[in-house]
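The chain contents come next:
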Amino acid sequence: HPLYFGTLTFIWGLVIAMPFLNHFIAAVIITIYVWIGINAEEKKLIIEYGDEYIRYRLSVPKLFPTLSKRVQ
């Protein structure tokens, strides 16, 4: 989910760059929203693609990108 990762990186970077209460509250709400969205999307993809998506999901990280590949 590179879009989700980018969104969270931006919003929490904003909190670090400009530490105002309203930025922190927005970051928490957006983080919760993104986390719920990721889980809902994964459930939908499992229903749509079944075991193929489950195998794919085992080979990639859920949210945070890594440089190494997972070995199955």
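Fair warning: this is a prediction, and the values are worked out from it, not measured in the lab. (Residues numbered from 1 in each chain as written. Predicted model: local features only at pLDDT ≥ 70, side-chain atom pairs only at ≥ 80, totals over all residues. Heavy atoms only, no water.)

Sorry if this is basic, but what is going on with the confidence of the model for the chain here?
Looking at the chain as a whole, its pLDDT mean stands at 88, while 89% of the residues score no less than 70. Averaged over each element, pLDDT in the chain is lowest for helix H3 (residues 51-59) (89) and highest for helix H2 (residues 21-49) (95). (pLDDT = per-residue confidence, 0-100. Helix = DSSP H or I, 4+ residues; strand = E, 2+ residues; numbered from the N terminus.)

So what exactly am I meant to see when it comes to helix H1 (residues 2-17) here?
Structural remark: α-helix, 3.6 residues per turn; residues separated by three or four positions point the same way. Relative to the 22 Å expected for 16 residues at 1.5 Å per residue, H1 spans 22 Å between its end C-alpha atoms, a close match to the ideal helical length. Buried positions along H1 lie against H2. (Expected span 1.5 Å × (residues − 1). Contact = heavy atoms within 4.5 Å.)

Could you clarify how one ought to interpret the packing of aromatic side chains in this entry?
For any pair of aromatic rings, the description consists of the separation of the ring centres together with the inter-plane angle of the planes. Across all of its chains, the model carries two aromatic pairs by this definition. Pairing Trp12 with Phe24 gives two aromatic rings, centres 5.9 Å apart and planes at 75°, and the pair type is edge-to-face. With Trp12 in helix H1 and Phe24 in helix H2, the pair connects residues that are 12 residues apart, well separated along the chain. Classification of Trp12 as partly exposed rests on a relative accessible area of 28%. On the basis of relative accessible area, Phe24 is assigned to the partly exposed category, the value being 40%. For the pair Tyr53 and Tyr56, a centre-to-centre distance of 5.9 Å together with 40° between the ring planes defines the contact as tilted. You can see Tyr53 and its partner Tyr56 sitting in helix H3, three residues apart, about one turn around the helix. (Phe/Tyr/Trp six-rings, centres within 6.5 Å; stacked < 30°, edge-to-face > 60°. Buried < 20%, exposed > 50% of the residue type's maximum accessible area, 1.4 Å probe, protein only.)

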